[in-house]
Amino acid sequence: MVKPLLLDDRLGTLPDYPFARLTALLGAPSGPGATVMSIGEPQHAPPPLAAEILAREAGLWNKYPPATGTEAFRQAVAGWLGRRYDLPAGLVDPDRAILPVAGTREALFLIAQAVCGRRDDGKPPVVLLPNPFYQVYAGAAAMAGAEPVFVPSGDGPTGLPDYSTLPPALLERTALAYLCSPANPQGKVADTALLERTIRAARRHGFVLAADECYSEIWDQAPPPGALSVCATLGEGLSHVVVFNSLSKRSSLPGLRSGFVAGDERVIAAFARLRSYGGAATPLPVLAAATALWNDEDHVVANRDLYRAKTDLAERLLGGRFGFVRPEGGFFLWLDVGDGEAAAKTLWREAAIRVLPGAYLAGTGADGRNPGQRYIRVALVHDLQTTETALSRLGALLDG
Ligand SMILES: Cc1ncc(COP(=O)(O)O)c(C=O)c1O
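Note that the structure is predicted; figures quoted are calculated from it, not measured.

Novice: So, the environment of A314: which residues are in play, and what are the values?
Specialist: Along the chain, the position of A314 falls in helix α12 (residues 298-318). Residue A314 is classed as buried on the basis of its relative accessible area of 0%. Residue contacts for A314: discarding those within four places in its chain leaves G319, F324, L333, L380 and L391.

Listed below in structure tokens is the structure:
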């Protein structure tokens, strides 16, 4: 008699991850000539600085890195935040308000474990998520024993959730709210007023705002405001706010696994404690490279220009069709194709173009609808020529 394993049944409540669902729909993403636009993996050349410093600091691979990183790294991040968001000196204490993380993904997941405490009334804490959303938020909520509440972002690429308008009783139960700006998948930027309302609500009702800003440097017309710049104008320090960012999109280095979390020192202290048990510390050579990269803006400007050229191209090729809205930030197109899964199948079968059905990036809302159903997400991560060829084919094939 073999006893069954006792696995965590909360894992079973999660849908398969979007890329597993895509493989089930289309088969494996192999074969020469395929254009993979389903995953937001930048294909731009990373700045040479990264490889140079990794080679120079290779003698440090035999050391365990401290979970809190190096002082130089924390200073570089604090300096960058100060310049980027015009923060007053002293608002972000490099030693108490900043932690290195192995990319924002693991940090966005793990933060829920640190802030979703047990409630006196025995009810599960609530985690607010935008809908559609980056799927890690839902996994984080489920595994923290919280109740995920999907908050509609409005149809199409137009909206972001306004948590401040939710019923006060729900906000009182809320432990954590995720907000992504620029948003994946819609490319919408949260303006200062929305950020202000959200931060005020977090403070009034005692929840943490997790601001996912990993696309903050890929913007079209103007640099998006950040949660920390709004904290600077609101007063009360960084209370109830943590921001997440990384070099994955800014510096085209998703493989480096290097990011940071910055914000409310109480949350950062709890997070550091949790991470000292279960977080992935960032290796010292990686911290050295990251320090130099947060101090360098030239490569970021060049990277952004390349994305802007592809957005221009997309507007020229697809504007006026598929509900095209020029993304304010990030590098995704969110196109209304009527039936996202059917469109993804057609593109793969006819042109070896791989895109993600929007339904895989959204949950069924209170109204029983999946707001991503009609959409596909197209990642503009390739070079200009590849993008032009793929978008021309896409436009021709989906027009019928
Ligand atoms: C919205 C959003 N947040 C976070 C991440 C994670 O990025 P990383 O862990 O590379 O920083 C991604 C990656 O695609 C993303 O789209």
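Novice: Describe the site of the ligand, and please don't skip the residues or the numbers.
Specialist: Taken together, 14 residues lie around the ligand, and T104, D212, Y215, S248 and R257 are the ones closest in. Within the side chain of D212, an N or O atom sits 2.6 Å from a nitrogen atom of the ligand. For the ligand, the protein covers 92% of the area, taking 400 Å² as the surface of the free molecule. If you map the ligand onto the pockets, it falls in the largest pocket. The biggest single contributor to the shell around the ligand is helix α4 (residues 104-115), with three residues. Across the shell around the ligand, the residue classes break down as five nonpolar, five polar and four charged.

Novice: Provide a residue-level description of the pattern of salt bridges, including the pertinent values.
Specialist: A full pass over the atoms with the stated rule returns 23 salt bridges. Residue D8 pairs with R10 through a salt bridge whose shortest N-O separation is 3.0 Å. Accessibility expressed as a relative area gives 31% for D8, which makes it partly exposed. For R96, the salt bridge identified is with D93, shortest N-O distance 4.0 Å. Residues joined in a network through salt bridges with shared partners are D220, D305, R308, D312, E315 and R326.

Novice: So, the layout of surface pockets: which residues are in play, and what are the values?
Specialist: The calculated volume of the largest pocket comes to roughly 460 Å³. Taken together, 25 residues form the lining of the largest pocket, with I39, G40, R105, Y134 and K249 sitting closest to its centre. Every element with two or more residues in the lining of the largest pocket is listed here: α1 (18-26), α4 and α9 (247-250). Of the residues assigned to the lining of the largest pocket, the class counts are 12 nonpolar, seven polar and six charged. Around the second largest pocket, the lining comprises 16 residues; the ones closest to its centre are T13, L14, P15, A138 and F150. For the lining of the second largest pocket, the secondary-structure elements that each account for two or more residues are α5 (136-143) and β4 (147-152). Residues of the lining of the second largest pocket, tallied by class, amount to 10 nonpolar, four polar and two charged.

Novice: Kindly report on helix α7 (residues 192-205), identifying the contributing residues and their values.
Specialist: With 14 residues, α7 should cover 20 Å at 1.5 Å per step; its first-to-last C-alpha distance of 20 Å lies within 8% of that length. If you check which residues of α7 are buried, you get L194, L195, T198, I199, A201, A202, R203 and H205. Residues of α7 that are buried make contact with α6 (168-173), β5 (174-180), β6 (208-212), α8 (227-234) and β7 (241-246). Directly beyond the C-terminal end of α7, a positive phi value near 75 degrees is found at G206.

Rules used in this analysis
- Residues numbered from 1 in each chain as written.
- Predicted model: local features only at pLDDT ≥ 70, side-chain atom pairs only at ≥ 80, totals over all residues.
- Heavy atoms only, no water.
- Helix = DSSP H or I, 4+ residues; strand = E, 2+ residues; numbered from the N terminus.
- Buried < 20%, exposed > 50% of the residue type's maximum accessible area, 1.4 Å probe, protein only.
- Contact = heavy atoms within 4.5 Å.
- Near = heavy atom within 4 Å.
- Polar contact = N/O pair within 3.5 Å; in protein donor to acceptor, adjacent residues only side chain to side chain.
- Areas by Shrake-Rupley, 256 points an atom, 1.4 Å probe, with all protein chains shown as cover.
- 1 Å grid on protein atoms, 1.4 Å probe; cavity = no way out; pocket = protein on both sides within 12 Å on 5 of 7 lines; lining within 4 Å.
- Sits in = over half its atoms within 2 Å of the grid points.
- Nonpolar A, V, L, I, M, F, W, Y, C, P; charged D, E, K, R; others polar.
- Salt bridge = Lys/Arg side-chain N within 4 Å of Asp/Glu carboxyl O.
- Points joined across faces, edges and corners; volume = space filled by probe spheres on them.
- Expected span 1.5 Å × (residues − 1).

Take it as geometry only, folks, not as evidence of what the structure does.
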